[in-house]
Amino acid sequence: MTISLPAQVYPVIWQDDHVLLIDQTRLPNEFDVVQISRCDDMAQAIKTMIVRGAPAIGVAAAYGMYLGAREIQTSDRTKFMAQLEAIADKLRATRPTAVNLFWAIERMLKTARQTIGPIDHLKQELLKTAQSINADDLHTCQAIGDHGLAVLPQEPQQLRLLTHCNAGALATAGYGTALGVVRSAWRQGRLLKVYADETRPRLQGAKLTAWECVQEGIPVTVITDNMAAHCMQRGMIDAVVVGADRIAANGDTANKIGTYSVALVAKAHEIPFFVAAPLSTVDFELNDGSQIPIEERDPVEIYQIEDTLICPPGAEFYNPAFDVTPAALITAIITEYGAVAPHELANLRLKHVV
Ligand code: MRU
């Protein structure tokens, strides 16, 4: 298997007049980049998970809004805004759980509403906003990584961290949230290794987290999802760090399916459980996690691996893509403004800007 390796991983890049996406459905066996020039193609790329991870789909949707705006022909502002709202609806319909998608679309609409002048100027402002969402996320992730480092256990000196799914550079503009904390720990000499849950059914841990770590020389051990409890019982894990797709105002956190089980087991073994996420992942409109919409995906993800059917015909399937970890199981939420206990999240509300 020969693939050309990028020096640094940026899953979404604006280049000339189009977007480049790393095709995350093909990693780790192939490193492919897809060129996106139309909003419809961006919507499809988000839906099919060519681009995935909450902050990354926010960035992708922002560019999708610009690509859609660019295709609008009218110079009449009212007609333009009506068409832009329709584009927003199309992008919103791609994936329901990660709130960053909705946040980024709203930020783009706000730019459109607040920009005065000709439509061409408005379109340029939309591109600038998408680019700044992209650039801001990179800085945000680096800040999350550094704040995370400050709250990790002081002992042992070299930590063994467990993560679930992929909350890395691939899932953000670069660097990562949970994997940003892992990266910062590695760069400061505080990481012995990271355990990556494989993350059934789509295997983001085995395929993407392991790939990112290998790229950077970070020691990574992949385990299947049902091995985490055993590893904790044997004293092999010092802390858990995961990402988030949507955090309710009380700190309840939706993340990749299986996160809740990891949090329960961590609690049982008194192992700290951290959620690393930008403030754009917090949905202050929702009081608690029961209100978070949970995406259900095609059951084929369960009953088929590559081309092989692994279940008998006649069985039924249930394939929720996310679950909600109650705030009570979370030691701290690590944001770009620092780490807070879940019940302190409301203190950051004023810093949450759309
Ligand atoms: O279905 P995915 O792969 O988009 O789910 C991704 C996750 O659950 C991540 O943990 C989350 O989006 C945080 S990414 C920084």
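Higher on the page you've got the structure.
Parameters at a glance
- Residues numbered from 1 in each chain as written.
- Predicted model: local features only at pLDDT ≥ 70, side-chain atom pairs only at ≥ 80, totals over all residues.
- Heavy atoms only, no water.
- Near = heavy atom within 4 Å.
- Polar contact = N/O pair within 3.5 Å; in protein donor to acceptor, adjacent residues only side chain to side chain.
- Areas by Shrake-Rupley, 256 points an atom, 1.4 Å probe, with all protein chains shown as cover.
- Helix = DSSP H or I, 4+ residues; strand = E, 2+ residues; numbered from the N terminus.
- Nonpolar A, V, L, I, M, F, W, Y, C, P; charged D, E, K, R; others polar.
- Domains from an automatic or database assignment.
- Salt bridge = Lys/Arg side-chain N within 4 Å of Asp/Glu carboxyl O.
- Buried < 20%, exposed > 50% of the residue type's maximum accessible area, 1.4 Å probe, protein only.

Asker: Describe the site of the ligand, listing the residues and the values that go with them.
Answerer: Around the ligand, a shell composed of 18 residues is seen, among which R52, R95, D245, N255 and K256 lie nearest. Between the ligand and Q204, the relevant distance is 2.9 Å, taken from an oxygen atom to a side-chain nitrogen or oxygen of the residue. One nitrogen or oxygen atom from the side chain of K256 is found 2.7 Å from an oxygen atom belonging to the ligand. Out of a free accessible area of 410 Å², the ligand has 99% covered by protein chains. Contributions of two or more residues to the shell around the ligand are made by α2 (54-71) and β9 (253-256). Grouping the constituent residues of the shell around the ligand by class yields 8 nonpolar, 6 polar and 4 charged. Shared between two domains, the shell around the ligand takes at least three residues from each, and those domains are domain 1 (12-139) and domain 2 (154-351).

Asker: Describe the pattern of salt bridges, and please don't skip the residues or the numbers.
Answerer: A side chain with one charge can pair with a side chain of the opposite charge if their charged atoms come near. Summed over the entire model, instances satisfying the criterion amount to 20 salt bridges. When the shortest N-O distance is used, the salt bridge between R297 and E295 registers 2.7 Å. R297 gets classed as buried once you look at its relative accessible area, which sits at 16%. Assessed through its relative accessible area of 6%, E295 is described here as buried. Ionic pairing is found between E301 and R297, a salt bridge with its closest N-O pair at 2.7 Å.

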